[in-house]
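Tertiary structure, described
Next come the chains, spelled out residue by residue.
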Amino acid sequence: VQLGQVVFVPGPVRVATVPATVGAPLPSGTAILTATSTRPQVTVALDPAFQQLVRRGDRVEVILPDGKPTRGTVARVSRVATQPSTASGQNSGQSEGQGGNSGSGSGSGQATVQVTIRLTNPKAAANLDQAPVQVAITTQAAQGVLAVPINALLARPGGGYAVQLVDGSASRRVPVRTGLFDE
């Protein structure tokens with residue numbers, strides 16, 4: 001075997017495509033196959049307006065096509081927005097059962113930023129490949145807090161907020177300090 005006839009990789013890979021035709025002449029530099037990781041991952045086409053909110057290491061919940069949730073973490077957030085060549089539906093993300101390229105997009109042809117998510121339990125998506133999934137990324141969290149709808153907050157004279165506490169027939173306003181907001 002001469003140098004350049006065999007390629008060695010440091011671990012297992014999955015052959016994604018074989019564009020070369022058996023027996024056809026190959027000019028120098030022609031790709032004969034493309035390979036991807038064997039570890040399942042999810043890619044999300046994120047609106048660039050939210051890019052600054054998502055960081056490597058953020059916790060993620062992925063809802064698989066069968067409705068079962070699995071956890072993961074953000075492994076990579078691209079620094080470059082790309083324009084999709086074709087719109088491919090309204091998916092929040094795509095499970096890439098064995099890696100590969102995601103065709104996920106916002107469906108509107110807008111530029112997106114690719115976010116790669118590594119699943120905590122890769123076996124949960126082991127039999128999936130390019131499957132649509134739903135993704136919820138936790139960018140902030142707080143423990144031991146009171147969560148109320150935003151319309152329950154009452155503005156106080158001089159600034160700040162209160163909530164109306166009802167105890168039987170009596171009610172009173174209790175001052176609160178606001179923290180995280182979500183839509």
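Residues numbered from 1 in each chain as written. Predicted model: local features only at pLDDT ≥ 70, side-chain atom pairs only at ≥ 80, totals over all residues. Heavy atoms only, no water.

**A look at the nonpolar core**
Quick note on the threshold: As used here, the term nonpolar core means buried Ala, Val, Leu, Ile, Met, Phe, Trp, Tyr and Cys residues forming a set that is joined through side-chain atoms within 4.5 Å. The buried label applies to any residue whose accessible area, calculated with a 1.4 Å probe on protein chains only, is under 20% of its type's maximum; exposed applies above 50%, and partly exposed to all values in between. Each helix corresponds to a stretch of at least 4 residues labelled H or I by DSSP, and each strand to a stretch of at least 2 residues labelled E; elements are numbered beginning at the N terminus. Contacts between residues were defined by any pair of non-hydrogen atoms, one from each residue, lying within 4.5 Å.
Counting residues in hydrophobic clusters, the biggest one holds 17 residues, and the most contacted among them are V42, V62 and V115. Where this core is concerned, the elements lending two or more residues are β3 (41-46), β4 (59-63), β5 (69-82), β7 (112-119) and β8 (131-138). Among the elements that take part in this core, β7 stands out by supplying 4 residues, more than any other. With sequence-adjacent residues up to four places away left out, V115 is seen in contact with V42, T43, V44, L46, V54, V74, R76 and V77.

**Describing the sheet that holds strand β11 (residues 170-176)**
Note the following rule: At least two bridges found by DSSP between two strands is the condition for calling them paired.
The sheet built from 3 strands is open, its strands ordered β9-β10-β11 with antiparallel pairing. Each having just a single partner strand, β9 (154-155) and β11 make up the two edges of the open sheet. Of the strand pairs in this sheet, β9 and strand β10 (residues 161-167) are connected by 2 bridges, and their pairing is antiparallel. Within the sheet, the bridge partner assigned to A155 lies in β10 and is Y161.

**Remarks on the pattern of salt bridges**
Our working definition: Salt bridges are defined as contacts in which a side-chain nitrogen from Lys or Arg sits within 4 Å of a carboxyl oxygen from Asp or Glu.
Applying the stated criterion to the full structure yields 1 salt bridge. Between D129 and R14 there is a salt bridge, and its shortest N-O distance comes to 2.5 Å. Pair noted here: D129 is in the loop between β7 and β8 and R14 is in strand β1 (residues 14-17), with a separation of 115 residues, a long-range link.

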